[in-house]
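# Understanding the architecture of this molecule
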Amino acid sequence: MDCIGVVIASRWLTPTIKSIRLELDRSDFCFLPGQSVWPKFERNGKTFSKIYSIASSPSRCPEIELCVSRVGWSSAFIQDLAVGETIAMRGPYGLMTLKQLPHRPRIYIAEGSGIAPLKSHIDWLREAGFRQSLWLVQSNPETPDALPYWEEWRSLSQRWPAFHYLEAVGVLPEVLLTRQGLNLSEFEIDICAVGDRTQQIQDVVLATSARLSQVRTEEFFAF
Ligand SMILES: Cc1cc2nc3c(=O)[nH]c(=O)nc-3n(C[C@H](O)[C@H](O)[C@H](O)COP(=O)(O)OP(=O)(O)OC[C@H]3O[C@@H](n4cnc5c(N)ncnc54)[C@H](O)[C@@H]3O)c2cc1C
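Just so you know, these numbers come straight off a predicted model, no measurement behind them.

Close to the ligand lie 22 residues; Val 71, Gly 72, Ser 74, Ser 75 and Ala 222 are nearest. If you list the elements that add at least two residues to the shell around the ligand, you get strand S5 (52–53), strand S6 (63–69), helix H1 (73–80) and strand S12 (215–220). When residues of the shell around the ligand are assigned to domains, at least three fall in each of domain 1 (2–93) and domain 2 (106–220).

Right, dumping it as structure tokens:
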């Protein structure tokens, strides 16, 4: 579906990562937790597109939230949109989704803006009353002491007994996770990070009792 998003809020989550909330002009836009949109850009007379995960729950439609790390031209363009400015986009896309309430406990491992699709999952699971154990292990290589949404996650872990939040500061998230002594064969595990880090985290997880069939990954890269 093609639609236009108008920026309704934009705030820094860390020194390099911003949350951008957009109101879409299509009230029939819907997506599954974990899916993405393709904003359209124009530069030097050329039109092109890049993909960004939706960080909010589908229940917020037609409002969506993006969580964007400032690395190059396109990400800076989205971050610099002022409230009231618009951007065209197409979507939704993506396969690391939730179609129904899962039956098994879950682990999410996020690095940097890789938190975006996992936040959509967690927000939706919370709303849907997910009762199984749910772990979020988070790190941010860009600014290790500043984790996106950390206040929300700390607060959520106080209010939602199933939710466990591990802040990986000064330690790799996969190392912090394996130190917990959890039996990873009991969990479904979703990983989202930038570039090769996704595979590296998966390799460590698979060196435990977890099997490949339990693990899904999404890799953020530029193309
Ligand atoms: C399925 C998918 C979902 C994505 N979702 C998001 C998202 O929710 N938020 C987001 O910020 N980006 C996301 N990306 C990356 C995004 O599509 C762009 O590639 C990114 O913003 C870089 O574009 P650019 O023009 O700003 O910089 P470019 O000049 O194209 O890239 C500069 C460098 O940044 C690296 N890079 C790319 N993405 C990131 C990142 N997120 N963090 C750190 N370094 C990066 C690239 O490897 C490249 O070396 C996603 C990518 C994929 C494949």
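Of all hydrophobic cores here, the largest spans 44 residues; its most connected members are Leu 66, Cys 67, Val 68, Tyr 108, Ile 109, Ala 110 and Leu 136. Those elements that provide at least two residues to this core are strand S2 (17–24), S6, strand S8 (106–111), helix H2 (115–127), strand S9 (134–139), strand S10 (163–167), strand S11 (188–194) and helix H5 (197–206). By residue number, the principal contributor to this core is H2, which donates six residues. Each of domain 1 (2–93) and domain 2 (106–220) accounts for three or more of the residues forming this core. Among all residues touching Leu 136, those that are not within four sequence positions of it are Tyr 108, Ala 110, Ile 122, Trp 153, Tyr 165 and Leu 166.

Along its sequence, the chain is organised into domain 1 (2–93) and domain 2 (106–220). When each unit is reduced to the centre of its C-alpha atoms, the spacing between domain 1 and domain 2 is 23 Å. Ranked by residue count, the leading element in the side of domain 1 that touches domain 2 is S6, at three residues. Along the lines of polarity and charge, the residues of the side of domain 1 that touches domain 2 split into nine nonpolar, eight polar and no charged.

What follows deals with the environment of Ala 82. Looking at the secondary structure, you find Ala 82 in the loop between H1 and strand S7 (86–93). The class for Ala 82 is exposed, based on 7 C-beta atoms found within 10 Å. Remark: the alpha-carbon pair of Ala 82 and Lys 50, spanning 32 residues in sequence, is separated by 19 Å.

Cut-offs and rules
- As a convention, each chain's residues are numbered from 1 in the sequence order in which they are written.
- In keeping with the predicted nature of the model, local features appear solely for residues at pLDDT of at least 70, side-chain atom pairs appear and are counted solely at 80 or more, and the whole-chain, interface and lining totals rest on all residues.
- Should the C-beta atom of a residue, placed from the backbone, lie within 6 Å of a molecule or strand, that residue is near it.
- Working definition: helices are DSSP H or I runs of at least four residues, strands are E runs of at least two. Numbering for both runs from the N terminus.
- The start and end points of each domain follow an automatic or database-based domain assignment.
- By definition, a nonpolar core groups buried Ala, Val, Leu, Ile, Met, Phe, Trp, Tyr and Cys residues that are joined through C-beta atoms within 7 Å.
- Exposed residues have 12 or fewer other C-beta atoms within 10 Å of their own C-beta, buried residues have 20 or more, and partly exposed residues fall in between, where C-beta atoms are placed from the backbone.
- Here the contact rule is simple: place C-beta atoms from the backbone, and any two residues whose C-beta atoms are within 7 Å are in contact.
- Three classes are used: nonpolar for Ala, Val, Leu, Ile, Met, Phe, Trp, Tyr, Cys and Pro, charged for Asp, Glu, Lys and Arg, and polar for all others, with Gly counted as polar.

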